[in-house]
Each structure stands twice: as C-alpha cells, then as structure tokens.
Amino acid sequence: MGKTFAKPEALSDQHTHYCPGCTHGVIHRLIAEVIDEMGIRGRTVGIAPVGCSVLAYNYFDCDFQEAAHGRAPAMATGIKRVRPDLMVFTYQGDGDLASIGMGEIVHAANRGEKFTAIFVNNAIYGMTGGQMAPTTMPQQRTTTSPAGRDVADVGMPIKVAELLAALQTPAYITRQTVIKPKYIKRAKKAIARAFAYQAAHRCFSLVEVVSNCPTNWGMTPLDSIGWVEDQLLAYYPLGDKKTPESDEEVS
Amino acid sequence: MAKVLMKGNEAIGEAAIRAGCLNYFAYPITPQSEVAEYLAKRMPEVDGVFLQGESEVAVGYMIFGAAACGARVFTTSSSPGISLMSEALSYITCAQCPAVFVNIMRGGPGLGGILPSQGDYFQATKGGGHGDYRLFVMAPDSVQEAVEMVMEAFPLAEKYRNPVMILGDGLTGQMMEPVEFPDNLQKAPTNKDDWATNGMDTRGSDKRNLVKSLFLDPTALNAHNLLLKEKYARMQREDVRYEAYNTDGDYQALIVSYGTMSRVCRTAIDNLKADGVEVAMIRPQTLFPFPIDAIRQAVGREHCRLAISIEMSMGQMVEDVERSVQGRCPVEWYGKCGGEVPTPEEIMDVVRERLAG
Amino acid sequence: MQSEVMFAGFGGQGILLSAKMLAHAAMETGHEVVWIPSYGPEMRGGTAYCMVIMSDRPIGSPIVKNPQHLVAMNRPSLEKFAPVVKPGGVVLINSTLIPVRAGRDDVDELAIPVNDLALAAGSVRSANVVALAAFVARSGVVPIEALREAVEMEFARKANLIPLNLDAFNRGVKAAEAG
C-alpha cells in the first residue's frame, strides 16, 4: 500500500513554534502542496515577514529571504524585476501588511508586480503579545485597546482585500479561511490560482486568509474558531474580490 | 575612448551600466534626480531594469530583494532619502548582500537645503541605521573619479558581501566635466551560488539558500557580529585609499579634506605655496576604511605642527582625524554647511591664522 | 593658465546651454574644464547662473570668488557679478535689456544688443548664442571655430535650428568685432 498522506517536499522537517490551535501550520502546508504540485520548488523564493511567522523560513524547504517589518512586497518587487522567472511569494500578517507595510503592498499591487502575497489576518498582533492591529474588530479587547477597540478614536478595521481590489490595475484578490476542512479546500484552490496567475506572468495576486489567535484572544482553539465564523467572517466576507478576468470585462 | 562632457549624475548612471549593473531602483530627490532621468531612458536600451519605487523605504528593500537573489543592483539618493534607506542598509549589511548606494549629499538636518554639503559623514561611515555595521564608503572629488568609484564599487561590494556607498555632494552630481569610462574597470560578477536565493534550479542544487538577519540566539548573534567586525578589519588592511598632495615639502600644516571640499583646499595649497607657505593634504578616497596610518605618518613629519580637518559640515570627519593623529599635534576643524562652500581665499586665511595662532 | 567665465541671466535665457557649449569647445581644444550650474527649486523664470572654468592643468576649486570674465544677460546679473570680475576680464553686457554699464574702468566692457541681434537672426531664443559668440570673439578663451563646431554639435539633433543659430553666431562675432 502506498502512502496516502505525506509531508510536502516544500516543507522542512522542523517542528513549528506556532501555538496550539493556530492556523499558520495549515496555511504553510497548503502553500507547500501547491509548490509541490506545480513542481516549482527549485525556482521559488519565499519572503518571511516580521510577526508570528518570522521563522516561516525554517518551515519551508525552498530559497527564502527574511524581510524587515512590512517590507516583503518591496523585496518581492526587487526579485521579480531582476528575475521574472522565479516564483515569489510573501507571507505576511496583519500588522506587517496592513499597518507598517501598507504603503509597500498598495504600490506593489498597483504596479501589478507578479508575485503572490499570502496575507494572514487574525485581527491582532501575535508575536509582540496581543496588541491592537488595523484589522482588530470594533470593541475587541487587546493589550493596547484594553477597553475594546474604540472606532471613534482609531477608526474601523481595514478590509485589505476590498481596499486592494479597488485599485484599477488587474489583479487576483481573494479572501479565504482555513478554520474548517470545507474552507481549507477552497483556500488551497485560491492559492493555486494565485500561483498560476504568477506563473503565467499575468498579474499581482493576494490571498487573504482570515485566521485565529486563541492565545492572544484568550480563547480555547475551538472557541476561537467559533469567533472567526461569527464575528470575523461577518465583517470580512469570503470570496474573490477581483480577478483579472473580471477586470478585463470592465475594460 | 574619447572623453565626453557629462554631468556627474548622468556619468554615475552610465558608469553603473558600464560596470555591468543593469538593475536600478530609485526615488526622485534633488540634487540627484538626473541619475533616475538618465537611467529611465538608458536602461531599456541595454535591456536593464529601471523602476521608480514609491518611497526610499521601499527602494531600499527592492535593492535588498534583488541583491539577495544575486543580481548586481544599485540606487542613488540624497541625504533625507538615505535616512529612509538606512533601515534597509542595516538589514542588507547584516544579511551580507552586495549592493551599491550613491548619496549625493545636500544640506541638513531635516529637510535642510538642496545645495552641496558633507553633513552625512557620520551617517555614512559610522552606520546610519541600527546595530553594529559599517558601509564601505568612497568619496570622489571629480566626475571622473565618481565614474571610476562607481565602477569599482560593484566588485568591492562583492568582495566583502557588503554595501558600498559612494558619498558625493551636490556639486559632484550637478557639475559637468570631461569623463571617460575605463574598460579595465569592468569586472565580471562573482559567483553567488553559495549564498544567493537565486532558485535551487538556477544553481543546480538541492540545498536551499536563506538570506536573513534574524539571530535569536545571543551566541549566534555575537558570532555573526564578530564575523562582520573581521570583515571591516579586512577592509582596513586591504582597501584604504587616499591621495597625498604636496607631502614632499617641509609643510607646517596638514589639511585633511575629501570630495569637493578637497578641490578647494588643493587650490588654496597651491596659492599658499606660491606665497611661500607649505601645507600638505591627505585626501581620503575611502572614508571607511579611513586612512589612519597615512594621516598619522603625515603629521609625524618634522615641521608639521597642526592638522586641520576641512569639511562642509560642522565637524564630523575631524573625529576620525583626531583618532588618527592620536595627540601627535593639535587637530583643528574648519567648515561651513548648508550649501555654503568655503572659497580658496577663506581656506588660505584660516591656515595662515591657525599657523600664526 | 586658468580662466573662468560666469554666465548669468534669467532662467529660460539659455544660460546653462551657452555655458555648456563653451565647455564643450574647451574640452575639444584640449582644456581641462568644469561646468558648474546654480541649481535651485525654481524651474522657470528665476535667476540662473553657470560658471565654466578652463585650464591647462587639472582644475582645483570649482568655487571661484572672482571670475575672469562675465556674460551678463540681464541687469541683476550685471549688478551682482560685475564688481567681482578680475581686472582685465571681458564683461559682456546685453544692452537690449541692460541700460547701465559695469561701472569699472579696469575691465574690457563689451555692450551688445543681444536680444535685438537674436531677433534679427530669427528668434530671440538664439540670444544666448549671440552673446556666447560675441564673448568668445572678444576674449579668445577658445578658438572661434571650435566654438562654432560646439554650437553645431549641440543642435545636431535639432538640425532645423542650426541655420538660425549659425546666423545668430555670425551676428555675435560681427558685433564683437565692431564693438
């Protein structure tokens, strides 16, 4: 009998440091499966962010760069401009991409840089210990919004996928989640589609993955999944926000 | 090859191409925007990469990403822009990637002015970003030397796997002089397969490469810093450059000056000589590594009783002159900044006064 | 021997370009040369000045307090720079726009209606060439034929402008000889 379940080649043998119940491991695996299935491991360069997934470079077995906080899209731009044949993905959290790195992601998307951004949105800063993110929900308590996010004071959470989809440059922008198996299948399809657009030198692609943070939310993993479904997905609806095909129809 | 009359900024752009660097990312800022304007036209002609980034912050990381996957790459900016790139410079230096940064300095601090200045000496030579790091810093005094230094910067960056900075000023960028592009300075890029993230297939390897600057283990980070330190010591041993001017005579004072300012000093020294006053000059061509030994020897001459650091800043290089002289004679400073460039007459007066005092 | 020429006038009068043509002629005749512009945030209409230094030896300071010669295209330029010109230098005055003189008896003053001559050649935009040709004809800082070649080269890519500018050139030379 052959193996029915094995570790993708694009993942290393290292155990991850992620908290129990965190979805980073699932997202890593989906990316690695897509890399394996496309047979592109030998020409893929990943870019790790600053945040919980700063050590992502230890968990993938392909070339990797580690960026400064928020700057992964600029590094990806540098690579793709000088080596368009390489497959490049950034892996960024919400503090990294939606706060300090907002400028870099907007301009990379607007230039139509042909790399793939995997954007993990769990509505909080994880690695630094649970501070408020630009994506933190109204009234959500964090260590820097102890009374709950006051939207009159700091504004509403940023919907990154919708914001980027508003740009006029063709792109593939989608929002997915991996909190249940049915979502995982769709998320993997979306990642594969994003990589396919890149391989075809077609457009910029971003897959936002709505995620959880049981540790910093102060919940059990199970409760955190419920909170994602009830609260986050209501504000951050899943689905494709923009495809290059839909852009072509418009123009 | 015949000489051509070129503006410093344009010559710098052309020199990079002649050096085999076909990748340029930049953000416009006076007084060096002509580099970007020149390369916007020129890079497509040579099948090269030109990209105007959204900010100097982003440009710094475009350089990092491109350098980390093994490409020859460079950028140009001016003082406030270099401040924004300094974050990336810290990362690039830690990650040991070769790249070339040109700073055509303008007056500061703050938004400052747009006229020539040398106020970024500390920023360039002491590590303008966070952490223990150094750039290899070269300071041209003419358009021709800017061309040669740009061409030499790429092999030097690759030799040390460290960013090289060319530190010019507004005049270096804006003035025109006849230049030629020496063929003998064209050096083939080094093989970067042992470290660059150029894709495993590219280098026919099944071992992945990782470019990073994170060392959570203090022992590992200390060891990495020691490795960088040894690299800087090697620069000091192998690649110090300077020009000695009028050091054969019985000079009474030694001027230390670099870049545009040193040209003014050269004229002042010639005029003083005609009046019977002998003054010598050491012109550092590398600001890091600094010509410590040359200055120490030069002030050791019998009649030399004074060293003067003359800079278009409020006294930055003078600290390196002091640590070179090490008390062998008094070390003084003279300078102006903000776009004021001292004239030869001023320098002559200063030298006479200080020698009389 | 080193000589310096200060070109000064309004932005848009072709100050930088005439200085560049002189620098080019100097380079082609074997001189060391530096062309140093003033540069500022104003793109049009402000004051513009540009120094050309020519020498038979490597040039030291690009900063010169007392230039050998002056080409003044407007009144503020004359008033600013005439007092600092070295004794014996040529001071070219665009008399179309400048009703006054340098007020010095130790310089070689040459007043020429530069704009009028340029208009006669066909366009006021050739005023810088009139002034440059007149200045070089008088000062002899480079051979006049070398300058003519530099002017032709400068306009090589806009060949339709060459006849106009050569006409302007000749009018400048003639005026200098007459003056």
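Residue positions are given per chain, counting from 1 as you read along its sequence in written order. Whichever chain is written first becomes A and whichever ligand is written first becomes 1, with later ones labelled in order. The model is predicted, so local features are restricted to residues of pLDDT at least 70 and side-chain atom pairs to those at 80 or more, both for listing and for counting; the totals for chains, interfaces and linings are taken over all residues. Side-chain numbers come from the whole structure's heavy atoms, not from hydrogens or water.

1. Some thoughts on the pattern of salt bridges
One speaks of a salt bridge when a side-chain nitrogen belonging to Lys or Arg is within 4 Å of a carboxyl oxygen belonging to Asp or Glu. Overall, the coordinates contain 52 salt bridges over all chains when judged by the stated rule. When the shortest N-O distance is used, the salt bridge between C:D167 and C:R171 registers 3.3 Å. Here C:D167 pairs with C:R171, and both are found in helix α6 (residues 162-178), just 4 residues apart, close to one helical turn. For each residue, the accessible area found with a 1.4 Å probe, counting protein chains only, is set against the maximum for its type, and the residue is called buried under 20%, exposed over 50%, and partly exposed in between. The exposure class assigned to C:D167 is partly exposed, which follows from its relative accessible area of 27%. Salt bridges sharing common partners tie together B:D141, B:E145, B:E243, B:R266 and B:R283. Helix and strand definitions follow DSSP, with helices as H or I runs of at least four residues and strands as E runs of at least two, each counted in order from the N terminus.

2. Re the pairing of strand β3 (residues 47-55) of chain C
Residues and elements named next belong to chain C. Within β3, 7 of the 9 residues are buried, which leaves the element mostly enclosed by the surrounding structure. Pairing analysis gives 9 bridges linking strand β1 (residues 2-10) to β3, with the strands arranged antiparallel. Paired with V5 across the bridge in β3 is V52. Examined bridge by bridge, strand β2 (residues 32-37) and β3 share 6 bridges and lie antiparallel to one another. Residue pairing in the sheet places W35 in a bridge with V52 of β3. Two strands qualify as a pair provided that DSSP identifies no fewer than 2 bridges between them.

3. Some remarks on the sheet that holds strand β6 (residues 204-210) of chain A
Strand order in the open sheet formed by 8 strands is β7(A)-β5(A)-β6(A)-β4(A)-β3(A)-β1(A)-β2(A)-β9(B), and the pairing between neighbours is mixed. Among the strands making up the open sheet, the edge pair consists of β7 (239-242) of chain A together with β9 (210-211) of chain B. Examined bridge by bridge, strand β3 (residues 87-93) of chain A and strand β4 (residues 116-121) of chain A share 5 bridges and lie parallel to one another. Note on β4(A): the bridge partner recorded for A:T90 is A:A117. We call two residues contacting when some pair of their heavy atoms lies within 4.5 Å. Axis lines are fitted through C-alpha atoms, for helices just across the contact stretch, and the angle between N-to-C directions can take any value from 0 to 180 degrees. Packing against the sheet, helix α5 (residues 102-111) of chain A makes contact with β3, β4 and β6 of chain A, and its axis sits at approximately 135 degrees to β6(A).

4. Section: the sheet that holds strand β10 (residues 242-245) of chain B
Residue and element names in this part refer to chain B. Reading across the sheet, the 5 strands line up as β10-β12-β11-β14-β15 and stay open at both edges, with mixed pairing between neighbours. Edge strands, defined here as strands with exactly one partner in the open sheet, are β10 and β15 (331-335). Here the strands of the sheet are splayed against their neighbours by 20 degrees on average, with no regard to which way each runs. Its contacts with the sheet place helix α12 (residues 317-325) against β11 (253-256), β12 (279-284), β14 (306-311) and β15, and it is angled at close to 155 degrees to β14.

5. Considering the interface of chain A and chain B
Listed per partner, the contact involves 33 residues of chain A and 35 residues of chain B. Values labelled buried area give the accessible surface lost by two parts on being combined, using a 1.4 Å probe and summing over both. In total, chain A and chain B occlude about 2600 Å² of area from one another, counting both sides; carbon and sulfur atoms represent 59% of this. The largest per-residue losses of area from chain A upon contact with chain B belong to A:D63, A:E66 and A:V82, which jointly make up 21% of the total buried on that side. Between chain A and chain B we count 3 salt bridges in total.

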